[in-house]
Amino acid sequence: MTKSTGITWAAASARRLERQFLARRARTGTSVADVAAAMLGVHAQVLSAAELSVGLRADGVTRTDVRDALWPTAPLAPPAPAPAPALVKTHGPRGTVHLLPARDLPMWCAALPAIPAGPAAFPTDVRLTGEQAGQVVAAIADALDGTFLTVDELGEEVVARTGPWAGDLVMPAFQTMWPRWRQVLHRAGQCGALSFGPNRGRRVTYTRPPRFTPLPPEEASRLLVRRYLYAYGPATPLHFARWLAAPPGWAKARYAELAAAGEIEEVRFEGAPAWVAAGDTAFPDAPERDELLRGVRLLPYFDAYVVAAQPRELLFPGAAYRRALAGGQAGNFPVLLVDGVAAGVWHQRRRGRRGRRTTVTVEPLARLTARQERELADCVERVGAVLEAAAELVIGEVTVGAHA
């Protein structure tokens, strides 16, 4: 490792892959919460993709381990309290559903609500007032304490605790109308009043996450910047804003505050200014850098690495930018990484009784070497192990569209 203020894409990528458990998987015994913390959250709009994101980074971890961390099984002896979850499924960065370590909720649930909101999405007669929004969030937290409710059951409890106005069907959604209170559902998740429970059949349930004391918002925001730079630096304020879906001006102000306090420092990254956490300027040299980059990796939908790692045009060079992105947005296709850059897409289709078999179709954008094909076969086998299914590799065209 060499301390440097002139950092190349290859050196930055090698360090990021190592810190993401993508250069070397986490050893057996590493908790799924540790893996999720290293990623700064696991995108979980599709739970199977989140299970893969974690399992592909940690030896021996399967989808069952991830679900047990989310919803621990109650002990057989009724007097004993149910174990606290290590992971919480809730609304995280960008307002999207993520798996977050329960121990990190004091940071997340103070930093996320502190991000300035964008323009109002609904007209005045539909929107909740600030006071009403606070009442709804408090009602959600109270209703979900110690129980699991579907969205309809939760809606009844919210209306009972606030008033009929919360249940007015005023929100256009999917060719129907939703009640007014649902416009702050993601806010309730981001401030720690709500998280997702296990599905009840095909219906989503919600519960309240473990109790915690949020950090002061300013402290939480500064900590989040430092954590982001440790995982994905060097990075600019605009990279941070894009990852978080935050206003660029707000992100620039956070960087300026931390730079003035000596908590982050400026470096040259591919010839342009970027930032790292203060003192975190050691990057791998060749041959260590090349060893960390070398290899074939499969990353699922909206994996944290492809969403957060910037500049995106270097992660998705040439044909990969056109094939593996959707209008410049990362994550809509599962990605094949070869030696640290996107080099194809893939798709897996479950089949057989209870989905015990899966076919993984991989579309490389260039011919793979014999060694790379062997590594790809190992990756596909690992995909099957995480999903607790027998996996078959097919190298060919992926015919499904983005986010299929």
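Predicted model only: the values in this text are computed from it and were never measured.

Re the sheet that holds strand β11 (residues 264-269)
Now for step 1: With respect to topology, three strands assemble into an open sheet ordered β2-β11-β12, the strand pairing being mixed. Sheet topology places β2 (6-7) and β12 (272-277) at the edges, where each strand pairs with a single neighbour.
Now for step 2: The pairing of β2 with β11 spans two bridges and is parallel. Bridging from a neighbouring strand, Gly-6 pairs with Arg-268 of β11.

Some remarks on the pairing of strand β17 (residues 357-364)
Now for step 1: Most of β17 sits inside the fold, with six of its eight residues counted as buried.
Now for step 2: Inspection of the sheet shows strand β16 (residues 341-351) paired to β17 by eight bridges, in the antiparallel sense. Note on β17: the bridge partner recorded for Trp-346 is Val-362.
Now for step 3: Judged from the six bridges that link them, β17 and strand β18 (residues 390-395) form a sheet pairing that is parallel. Within β18, the position partnered with Val-362 by the bridge is Ile-395.

Section: the packing of helix α3 (residues 47-55) against helix α4 (residues 63-70)
In helix packing, the relevant descriptors are the interaxial angle and the interaxial distance, both defined with respect to the helix axes.
Now for step 1: One way to put it is that α3 packs onto α4 with a least axis distance of 9 Å and a crossing angle of 105°. The angle between α3 and α4 places the two elements in the roughly perpendicular class. On α4, the residues that touch Leu-47, Ser-48, Glu-51 and Val-54 of α3 are Arg-63, Val-66, Arg-67 and Leu-70.
Now for step 2: Broken down by class, the residue content of the contact of α3 with α4 amounts to four nonpolar, one polar and three charged.

Points about the pairing of strand β15 (residues 335-338)
Within a regular strand, the side chains alternate between the two sheet faces.
Now for step 1: Covered by surrounding structure in β15 are Val-335 and Leu-337 together with Leu-336 and Val-338, the residues of both alternating faces.
Now for step 2: Direction of pairing for β15 relative to β16: antiparallel, over a ladder of four bridges. Among the inter-strand pairings, Val-338 is bridged to a residue of β16, identified as Val-341.
Now for step 3: As consecutive antiparallel partners, β15 and β16 are separated by two residues, and within that stretch Asp-339 has a phi angle of approximately 55°, a positive value.

Focus: unusual backbone geometry
Now for step 1: The peptide bond linking Gly-233 to Pro-234 adopts the cis configuration, its omega dihedral lying at 0°.
Now for step 2: For Pro-234, the position within the fold is in the loop between α9 (217-232) and α10 (237-244).
Now for step 3: Backbone geometry places Gln-175, a non-glycine residue, at a positive phi of 60°.
Now for step 4: Positionally, Gln-175 belongs in the loop between β7 (169-173) and β8 (176-179).
Now for step 5: For Gln-175, a relative accessible area of 87% puts it in the exposed group.
Now for step 6: One non-glycine residue, Glu-388, lies in the positive phi region at around 60°.
Now for step 7: By the element assignment, Glu-388 lies in the loop between α16 (370-387) and β18.

Scoring rules and cut-offs
The residue numbers shown here count from 1 along each chain, following its written sequence. In keeping with the predicted nature of the model, local features appear solely for residues at pLDDT of at least 70, side-chain atom pairs appear and are counted solely at 80 or more, and the whole-chain, interface and lining totals rest on all residues. Values shown for side chains rest on all heavy atoms present in the structure; no hydrogens or waters enter the calculation. Two strands are said to pair when DSSP picks up at least two bridges between them. Strands are runs of DSSP state E lasting at least 2 residues, helices are runs of H or I lasting at least 4, and numbering of each runs from the N terminus. Accessible area is worked out with a 1.4 Å probe on protein chains only. A residue is then buried under 20% of its type maximum, exposed over 50%, and partly exposed in between. To get an axis, a line is fitted to the C-alpha atoms, and for a helix only the part in contact is used. The angle between two axes follows their N-to-C directions and goes from 0 to 180 degrees. In this scheme, roughly parallel covers angles under 35 degrees and roughly antiparallel covers those over 145, while 65 to 115 is roughly perpendicular and the rest are oblique. By definition in these notes, contact holds between two residues if any of their heavy atoms fall within 4.5 Å. Throughout this entry, Asp, Glu, Lys and Arg are counted as charged residues, while Ala, Val, Leu, Ile, Met, Phe, Trp, Tyr, Cys and Pro are counted as nonpolar. The remaining residues, Gly among them, count as polar.

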